[in-house]
Amino acid sequence: MAILVLGGAGYIGSHTVYELIEAGREVIVADNLQTGFRKAVHPKARFYELDIRHRAALDELFEKENVEGVIHFAASSQVGESMTDPLKYYDNNLCGTACLLQAMVAHGVDKIVFSSTAAVYGEPERVPILESDRTEPTNCYGETKLAMEKMMSWTARAHGLRYVALRYFNACGAHPDGLIGEAHSPETHLIPLILQVPNGQRKSISVFGTDYDTRDGSCIRDYIHVSDLARAHILALDYLTEGGESDVFNLGNGVGFSVREMIDVARSVTGHPIPAVEEARRAGDPAVLIASGKKAAEVLGWKPVYTRVEDIVSDAWRWHSGHPHGFE
């Protein structure tokens, strides 16, 4: 039986597919390639180009393939865009997930691992953030992800579906062998933006806000290697396969690094001075976001392997320096 990875041509999805294949699993990838890349898909995975909002295409896939469980990455994920085009996010994220769940129920597929986000919490009430903390998203992206979680919860009650929602923090890094990596257009993630400077694609990196109540005045975030995230999705699916109940887990290193510290690490890794320009704060940027990964460790047996940010940035630099234009 096969595992269906939706959005498996995207950043985290493609790394999860590689981990699954390397673990000897049978994998099917479905992606509409709006933001994913065909070249990112592992050659041993069976690939379907489809949009999860098209119910007929999903039905055809489930009828043709023997799917034992689903890992769901297929969603729009740019915070800024979600605020200027919220209806795109409700259409893609919610309508797409509704079609997927309908198809799963119709074809008797009862296990799903879902890529959620720390954005469901909004402004944290404490640090590190616990799964039981209040969820009050401050952007449309986080709002749709929280609604997707609730959609799965109600579907579980009505139809016996079991799900795991993984709320993760700052995904980063690349496959350790440099086979695949991060490629977004436009790029919004800090580490790739920093590395565009030594790659000759920008003159400097901006530091948005230098007066936060942190050790150096810049924002602090929890950075988690994409390969560690990939392993967590596999552990979550195994947990469901072994009879685990529906649940929600944070994924993070539990340690925060500031924007300035990440720039310093990149300078050390690349040997480039990487000029930094101080800019005003951006609206809605919390000072500190750090996850408690205790529950994921206790229940799923998940612990990050990549705990040194130097290793995370080194893997990212190996990918970006060798593929300055991503998969093009």
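Whatever comes next refers back to the structure up there.
Residues numbered from 1 in each chain as written. Predicted model: local features only at pLDDT ≥ 70, side-chain atom pairs only at ≥ 80, totals over all residues. Heavy atoms only, no water.

**Student:** I'd like a description of helix 10 (residues 309-322), backed by residues and values.
**Tutor:** For an α-helix, the turn length of 3.6 residues means that residues three or four places apart are oriented alike. Along its 14 residues, helix 10 runs 20 Å from first to last C-alpha, staying within 8% of the 20 Å computed at 1.5 Å per residue. Along helix 10, the residues that are buried comprise Val309, Ile312, Val313, Asp315, Ala316, Trp317, Trp319 and His320. Packed against the buried residues of helix 10 are strand 7 (170-172), helix 6 (190-195), strand 10 (223-225), strand 12 (257-258) and helix 8 (259-270). (Helix = DSSP H or I, 4+ residues; strand = E, 2+ residues; numbered from the N terminus. Expected span 1.5 Å × (residues − 1). Buried < 20%, exposed > 50% of the residue type's maximum accessible area, 1.4 Å probe, protein only. Contact = heavy atoms within 4.5 Å.)

**Student:** I'd like a rundown of the packing of aromatic side chains, residues and numbers included.
**Tutor:** For any pair of aromatic rings, geometry is given as the distance between the ring centres together with the angle between the planes. Applying the stated rule across the entire model yields three aromatic pairs. Relative to Phe249, the ring of Tyr239 lies with its centre 6.2 Å away and its plane at 90°, an arrangement referred to as edge-to-face. Placement of Tyr239 in helix 7 (residues 226-241) and of Phe249 in strand 11 (residues 247-251) is noted, with a sequence separation of ten residues between them. Under the relative-accessibility criterion, Tyr239 is labelled buried at 15%. (Phe/Tyr/Trp six-rings, centres within 6.5 Å; stacked < 30°, edge-to-face > 60°.)

**Student:** Outline the sheet that holds strand 14 (residues 288-289), supporting the account with residue identities and numerical values.
**Tutor:** Strand order in the open sheet formed by three strands is 12-9-14, and the pairing between neighbours is mixed. The sheet terminates laterally at strand 12 and strand 14, the two strands that pair on one side only. Examined bridge by bridge, strand 9 (residues 220-221) and strand 14 share two bridges and lie parallel to one another. Note that in strand 14 the partner of Arg221 across the bridge is Leu289. (Pairing = 2+ DSSP bridges.)

**Student:** Account for the pattern of salt bridges, with residues named and values stated.
**Tutor:** Scanning all chains against the criterion turns up 22 salt bridges. Lys295 is the salt-bridge partner of Asp247, the closest N and O atoms lying 2.6 Å from each other. One end of the pair, Asp247, is in strand 11; the other, Lys295, is in helix 9 (residues 294-300), with 48 residues separating them in the sequence. Because the salt bridges share partners, they merge into one network encompassing Glu26, Arg46 and Glu65. (Salt bridge = Lys/Arg side-chain N within 4 Å of Asp/Glu carboxyl O.)

**Student:** So what about the sheet that holds strand 5 (residues 111-117)? Which residues, and what values?
**Tutor:** Spatially, 3-2-1-4-5-6-11 is the arrangement adopted by the seven strands of the open sheet, whose pairing is parallel. Of all the strands in the sheet, just strand 3 (46-49) and strand 11 have a single pairing partner and so form its edges. Each strand of the sheet is rotated relative to its neighbour by a mean of 20°, with strand direction disregarded. Here four bridges tie strand 1 (residues 2-6) to strand 2 (residues 27-31), and the two strands are oriented parallel to one another. For Leu4, the partnering residue across the bridge sits in strand 2 and is Ile28. Each of strand 4 (67-72), strand 5, strand 6 (162-168) and strand 11 is contacted by helix 5 (residues 140-159), which is oriented at about 160° to strand 5, the strand it contacts most. (Axes fitted to C-alpha atoms, helices over the stretch in contact; angles between N-to-C directions.)

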